[in-house]
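So the chains spell out like this:
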Amino acid sequence: MTAADVLLLGLGAVAVGSGLLVVTTRHLVRAGLYLVVCLGAVAGLYLVLTAELVAWVQVLIYVGAVVVLLLFAVMLTRAPIGASDDLDRPGWPALLVGGGAGLGLAALLVDAFRWTKVDLPEAGTAERLGTEIFRSWVLPFEVLSVLLLAALVGAIVVSRPDIGTRE
Amino acid sequence: MGVPGEGLAKGLAVTLKTMTRRSHTRQYPDVEPDLPPRSRGVIALLEENCTVCMLCARECPDWCIYIDSHKEEVVVPGAARARQRNVLDRFDIDFSLCMYCGICIEACPFDALYWTPEFEYAEYDIRDLLHDKSRLGEWMATVPPPPPHDPNGEPSKEETAAVKKAAPR
Amino acid sequence: MPLWLELTIRVAGVVVAFLTLPLIVGQAEHKVMAHMQGRLGPMYAGAFHGWAQLIADGVKFVQKEDVTPRAADRPVFQLAPLVALVPYLLVLLVIPLGPDDLVGQALDIGLFFALAVVGVGVVAVLMSGWASANKYSLLGGLRAAAQLLGYELPLVLAAASVAMAAGTLSLPGIVEAWEPWWLLWQAPALGVFFIAGVAEIRRPPFDMPIADSELVFGYMTEYTGLRFAFFLLAEYVGIVVIAALTTVLFLGGWQGPFGDDYLGWLWTLIKVFAVSFVIIWLRVTYPRLREDQLQRLCWLVLVPVALAQLVLTAAVKIAT
C-alpha cells in the first residue's frame, strides 16, 4: 500500500463516517457541520487523485457557500442547541433506499473493475480542465449555464410575488 | 453638489492630518500636569488670618466645614481692660462632602482660605478625607501667586476707587 | 537540499510570518489609530512606546479563565476559534513573497485556493454564533454569514478579472505578468477587491456582525481568554491576508522600482504594510455601515462594477 492508498482509505472512512453522522445525529446544526467534514473529506479525495481544481471548487462552492446557506436557513428557522427528540424522519425507507443505492453501486463498481489497475490521468489542473471544457464539452457546459440562469430567474420570480402582477 | 465621494476623501484627509499633529495626551503620572493657577484642587487654610467668624461654615452649601473655638483674654499693655480674642481649636473640611464650589473662599472676609491646584490627596478610607487644620495649613505652601491682572480687562475696584479719590483734587 | 528539509524550512517560514506579521499590524493599528484620534496609544508595555503591548495582551489572555456557557454546545463552541484561524494560516502558504519560488508552497491554482479557503471562515462564524447560546451571538453570526456570502461574489469576480488579464491562476504567475499600467486598467477591480476584502474580514466600517453598540460583541460575545485571542488573531491575520492578496493581485507583488531580484521580498512587505495601513485608516475614518447599506453597497455597486470590469478585461484581452 502506498501513502496515497492510505490517504484514500482514511479520507473515505472520514467521508462515510461523517456522512452517516449527518443522517443519524439528532442535533440539527451539528448535522450541517458534519456535512462540512464530509464534503471536506471528499475534497481531500479529489486532491489525492490530483484533481486540484475540482477539490478547491468543492471547498469554495460546497463548504463555503452551500453548507453555509443551509446552516443559515436552519439557524433562521429552528435551531435548538442539543438533541431534538421530535424529528419525524422515515428511518427505515431512507435506510433501504440510501443503503441499497450505496451498496449496490459499490458492488457494481467492485465487480466491474475487480483488480484491474487504472493509472492516474494527468493532473487536473485549471489549464487542462479549461481546455477540456471549452473544446470537447462546450455544448453541455453552455446548456448547463442556461439551465442555471433559468433556475436563477425562476427563483427571483417565485420569491417576488410583486413581479408580474397587474394592478 | 460636489464631486461624488468628496466627503469620504475629506474624512480620510482629516484623520491623516490629525495623525501628523502632536497628540493631546498628558502623560500624567510621569509628567506633572500643567494646571492653570485658578484650578480648584484643594482648599488651604491660613490659620493666622482666621477670626472664627464662622461665615465660611455658614455659607457652605453642604455643611462640610467644622469649626470649634474658645475665647481668650489678652492683656494688652496700656489698654484699660483685657481684650477678648477668638482662638481656633478645630477647623476641618470634609472633602468627601465638599463639592468644590469655592463659596467659603469667596465668603471669607480675611483671606484665610485659598484655592490650590494640588489634587493628589485621594485616600483608601473615606474618613481620611476629613482634613484638619494642620493638614489644611500644609496646603498653604502650594498656593500659587495670584495671576497678573489681564491688561485688557477692566481695572480692579481698588484702582478705580483710588483714581476717583484722586480725581477731585 | 533534501525535500523534507526544504519543506520544513518553508512551513517554518510561513509559521513565523503567521506569528509576527499580525502582531506588527496589530501594534501599528494601536499606534496609528491613537495618533489619528489625537492620542498616544499604548506607552508602557516594553518601555519604548509600548512596543510589547500585544505580547502583554497575549499573556493576559492566557491567564484568563476559559469560560464556556452552560447552555452552549461545548464541542462546537470550543472548536470555532480554531476553524476561524486555520484557513488564514493556509492562505499564507500560497502567497509569494518574492521571485524565484520565495513562497510557502507554489500552487498552480493559488488564487483559487486562497479564495476557497478564505470562504471557509464563514463556517467558523456561524459555529461560534450559534453554539454560544446567546441571541446577540446568533444575530451577529447571521449578519456575518449574510455579509460574507454577499461579499464573496464581488471578491471572486474582481480576482477573476485579474486572473483573466494574467492568463493564469497561479499567484507568482500573476505577479510576473503584472505591468504598471495594470494599475489604471484594473483600478475598478482593485477597488472592488479591496472593499470586498475589508468586508470579508469584517473590519470597520463593515463590522456590522460585531457592532459593539448593539450586539455587545456579535458572535464573539461569549468568548474569553485564549479562544477570544484566537478570534482577534484571526482578525489581524485576515488584515495581512487581504493586504497581501491585494498586493499580489493588483499592486505587482515583488515588482518595485529597482532590484526586483534581491529586494523583491522588501517591496512585497512594504506594499502589504501600506495596504494594511489603509485598512486601519478606513477603520478610524468611517462610521459603521447599517445592515441595509452594507448589502446595498455589495449588490448594487460592487457586483455591477466587478461585472463591468470583467467585460473590460475581456475586451482588452481580445483586442491585444
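Note on numbering: residues in each chain are counted from 1, in written sequence order. Here the convention is simple: chains get letters from A, ligands get numbers from 1, in the order in which they are written. Totals for whole chains, interfaces and linings use all residues, but because this is a predicted model, local features are given only for residues with pLDDT of at least 70 and pairs of side-chain atoms are given and counted only at 80 or more. As a convention, hydrogens and water are excluded, and side-chain values are obtained from all of the structure's heavy atoms.

### Regarding the overall build of chain A
And step 1. Under the DSSP-based scheme used, a helix requires at least four consecutive residues in state H or I and a strand at least two consecutive residues in state E, with every element numbered from the N terminus. Looking only at helices and strands, one finds 6 helices and 0 strands in chain A.
And step 2. For chain A, the succession of helices and strands along the chain, N to C, is α-α-α-α-α-α.
And step 3. All radius of gyration figures rest on C-alpha atoms, and the globule criterion is 2.2 Å times the number of residues raised to 0.38. Its C-alpha atoms give chain A a radius of gyration of 20 Å, more than 25% over the compact-globule value 15 Å for 167 residues.
And step 4. With the principal axes as the frame, chain A shows a C-alpha extent of 65 × 45 × 25 Å.
And step 5. Only heavy atoms enter the contact rule, under which two residues are in contact if any of them lie within 4.5 Å. A separation threshold of at least 6 residues defines the contact pool for chain A, and within that pool the share at least 24 residues apart is 63%.
And step 6. Computed with a 1.4 Å probe, the accessible areas rest on the Shrake-Rupley method; for each residue, only the protein chains presented here act as cover. Counting every atom, chain A has about 11,800 Å² of accessible surface; 73% of that belongs to carbon and sulfur.
And step 7. Lys and Arg are tallied as positive, Asp and Glu as negative. Neither His nor the chain termini are counted. A charge is said to be at NZ when it belongs to Lys, at CZ for Arg, at CG for Asp and at CD for Glu. Seen as two clouds, the 10 positive and the 13 negative side-chain charges of chain A have centres 6 Å apart.

### Things to note about the packing of aromatic side chains
Each aromatic ring pair is characterised by the separation of its centres together with the angle its planes make.
And step 1. What counts as a ring pair is set by centres within 6.5 Å for rings of Phe, Tyr and Trp (its six-membered ring), and what kind of pair is set by the plane angle: stacked under 30 degrees, edge-to-face over 60, tilted for all other angles. Evaluated as defined, the whole model comprises 15 aromatic pairs over all chains.
And step 2. Look at Trp 56 of chain A and Phe 113 of chain C: their rings are 4.5 Å apart centre to centre, the planes differ by 80°, and that puts the pair in the edge-to-face class. In this pair, Trp 56 of chain A sits in helix H3 (residues 52–77) while Phe 113 of chain C sits in helix H4 (residues 110–131), so the two residues belong to two different chains.
And step 3. Look at Phe 95 of chain B and Tyr 121 of chain B: their rings are 5.4 Å apart centre to centre, the planes differ by 55°, and that puts the pair in the tilted class. Here the residue Phe 95 of chain B occupies a position in the loop between strand S3 (83–94) and helix H3 (103–107), and Tyr 121 of chain B occupies one in the loop between strand S4 (113–116) and strand S5 (130–131), the gap between them amounting to 26 residues. Each of the two residues, Phe 95 of chain B as well as Tyr 121 of chain B, counts as buried.
And step 4. Note that Lys 60 of chain C overlies the ring of Phe 61 of chain C, its terminal NZ or CZ placed 4.9 Å from the centroid.
And step 5. In this structure, Lys 271 of chain C is placed above the aromatic ring of Trp 178 of chain C, and the distance from its NZ or CZ to the ring centre is 5.8 Å. Working definition: with a 1.4 Å probe on protein chains only, accessible area under 20% of the residue-type maximum means buried, over 50% means exposed, and in between means partly exposed. Note on criteria: charge over ring means Lys NZ or Arg CZ within 6 Å of the ring centre, with the direction from the centre no more than 35 degrees off the ring normal.

### Here's the deal with the UniProt feature "binding site: [4Fe-4S] cluster 1" (unreviewed entry) in chain B
All names here are of chain B.
And step 1. UniProt positions are given in the numbering used here, feature names are shortened, and annotations may be inferred rather than shown by experiment. Per the UniProt record, "binding site: [4Fe-4S] cluster 1" (unreviewed entry) is annotated on Cys 50, Cys 53, Cys 56 and Cys 108. On the basis of their most widely separated C-alpha atoms, the annotated residues across 59 residues gather in one place, lying no more than 10.4 Å apart.
And step 2. Among residues more than four places away in sequence, those in contact with Cys 50 are Leu 88 and Ala 112.
And step 3. Here Cys 53 is to be found in the loop between strand S1 (42–45) and helix H2 (55–59).
And step 4. With a relative accessible area of 30%, Cys 53 lands in the partly exposed category.

### Overview of the environment of Leu 113 of chain B
Residue and element names in this part refer to chain B.
And step 1. Relative to the assigned elements, Leu 113 resides in strand S4.
And step 2. The exposure class of Leu 113 is buried, given its relative accessible area of 3%.
And step 3. Along the sequence, Leu 113 and Cys 50 sit 63 residues apart, while their C-alpha atoms lie 8.5 Å from each other.

### Regarding the interface of chain C and chain A
And step 1. Taken together, the 29 residues of chain C in the interface contact 24 residues of chain A.
And step 2. Between Arg 30 of chain A and Asp 73 of chain C there is a salt bridge, and its shortest N-O distance comes to 2.3 Å.
And step 3. We call two N or O atoms a polar contact when they sit within 3.5 Å, provided that within protein one can donate a hydrogen and the other can accept it, with sequence-adjacent residues counted only if both atoms are side-chain atoms. Where chain C packs against chain A, one counts 1 residue pair in polar contact (both at pLDDT 80 or more).
And step 4. Looking at the side of chain C that touches chain A, the elements that each hand over two or more residues are helix H3 (74–94), H4 and helix H5 (135–166) of chain C.
And step 5. No other element matches H4 of chain C, which puts 13 residues into the side of chain C that touches chain A. Here a salt bridge means any side-chain nitrogen of Lys or Arg lying within 4 Å of a carboxyl oxygen belonging to Asp or Glu.

### So, the interface of chain B and chain C
And step 1. Taken together, the contact pairs 14 residues of chain B with 15 residues of chain C.
And step 2. As a working definition, buried area equals the accessible area (1.4 Å probe) given up by two parts on being put together, with both sides summed. On the chain B side of the interface with chain C, the three residues burying the most area are Leu 12, Thr 15 and Met 19 of chain B, jointly 39% of the side's total.
And step 3. At the junction of chain B and chain C, the tally comes to 0 salt bridges.
And step 4. Taken together, chain B and chain C are joined by 7 residue pairs in polar contact (both at pLDDT 80 or more).
And step 5. Charged residues are taken to be Asp, Glu, Lys and Arg, nonpolar residues to be Ala, Val, Leu, Ile, Met, Phe, Trp, Tyr, Cys and Pro, and polar residues to be all remaining types, Gly included. Taken together, the residues of the side of chain B that touches chain C sort by class into 6 nonpolar, 7 polar and 1 charged.

### Focus: the arrangement of the chains
And step 1. Contact analysis covers 2 pairs of chains in contact, and the most contacts occur between chains A and C.
And step 2. At no point do chain A and chain B touch; the closest pair of C-alpha atoms across them sits 32 Å apart.

### Structural notes on the UniProt feature "binding site: [4Fe-4S] cluster 2" (unreviewed entry) in chain B
Residue and element names in this part refer to chain B.
And step 1. With numbering aligned to this structure, UniProt lists the feature "binding site: [4Fe-4S] cluster 2" (unreviewed entry) at Cys 60, Cys 98, Cys 101 and Cys 104. In summary, the annotated positions, though distributed over 45 residues, converge in three dimensions, the widest C-alpha pair being only 10.5 Å.
And step 2. Counting through the fold element by element, Cys 60 comes out in the loop between H2 and strand S2 (65–74).
And step 3. Overall, the relative accessible area of 7% leaves Cys 60 in the buried class.
And step 4. Along the chain, the position of Cys 98 falls in the loop between S3 and H3.
And step 5. Look at Cys 98 and you get buried, because its relative accessible area is 13%.

### Examining the sheet that holds S5 of chain B
Residues and elements named next belong to chain B.
And step 1. Taking strand neighbours across the sheet as the criterion, the 3 strands line up as S2-S3-S5 in an open arrangement whose pairing is antiparallel. Every other strand in the sheet has two partners, leaving S2 and S5 as the edge strands with one partner each.
And step 2. A pair of strands is treated as paired once DSSP finds two or more bridges between them. Sheet topology places S2 next to S3; 10 bridges connect them, and they run antiparallel. What sits directly across from Ile 65, in S3, is Ile 93.

### Topic: the packing of H3 of chain C against H4 of chain C
All names here are of chain C.
And step 1. The angle between two axes is taken between their N-to-C directions and runs from 0 to 180 degrees, where each axis is a line fitted to C-alpha atoms and a helix contributes only its stretch in contact. Relative to each other, H3 and H4 sit at 165°, their axes nearing to 8 Å. On the basis of the axis angle, H3 is roughly antiparallel to H4. Crossing angle aside, the handedness with which H3 passes H4 is left-handed. Within the contact between the two elements, H3 uses Val 76, Phe 77, Leu 79, Ala 80, Val 83, Ala 84, Pro 87, Tyr 88, Leu 90, Val 91 and Val 94 and H4 uses Gly 110, Phe 113, Ala 114, Val 117, Val 118, Val 120, Gly 121, Ala 124, Met 127, Ser 128, Trp 130 and Ala 131.
And step 2. Taken together, the residues of the contact of H3 with H4 break down into 20 nonpolar, 3 polar and no charged. Note on angle classes: values under 35 degrees are labelled roughly parallel, values over 145 roughly antiparallel, values of 65 to 115 roughly perpendicular, and the remainder oblique. Take the far helix as your reference; a near helix turned counterclockwise from it by less than a right angle gives a left-handed crossing, and one turned clockwise gives a right-handed crossing.

### Let's talk about the environment of Val 67 of chain A
Residue and element names in this part refer to chain A.
And step 1. Its place among the elements puts Val 67 in helix H3.
And step 2. Given a relative accessible area of 1%, Val 67 falls into the buried group.
And step 3. Through-space distance from the C-alpha of Val 67 to that of Thr 77 is 15 Å; in sequence the pair is 10 residues apart.
And step 4. In this view, Val 67 contacts Gly 32, Leu 35, Val 36, Leu 39 and Tyr 62; residues no more than four positions away in its chain are not counted.

### Topic: a nonpolar patch on the surface
And step 1. On the surface, a cluster of nonpolar side chains totalling about 460 Å² of accessible area is made up of Leu 149, Leu 152, Val 153, Ile 156 and Val 157 of chain A.
And step 2. Note that Val 153 of chain A resides in helix H6 (residues 138–159). Within this analysis, patches are made of residues with over 30% relative accessible area and no salt bridge. Like charges are joined at 9 Å or less; nonpolar side chains (Val, Leu, Ile, Met, Phe, Trp, Tyr) at 5 Å or less.

### Details of the pairing of S3 of chain B
And step 1. Here S3 of chain B runs beside S5 of chain B; their pairing, made up of 2 bridges, is antiparallel. Opposite Asp 94 of chain B, over in S5 of chain B, you have Leu 130 of chain B as the bridge partner.

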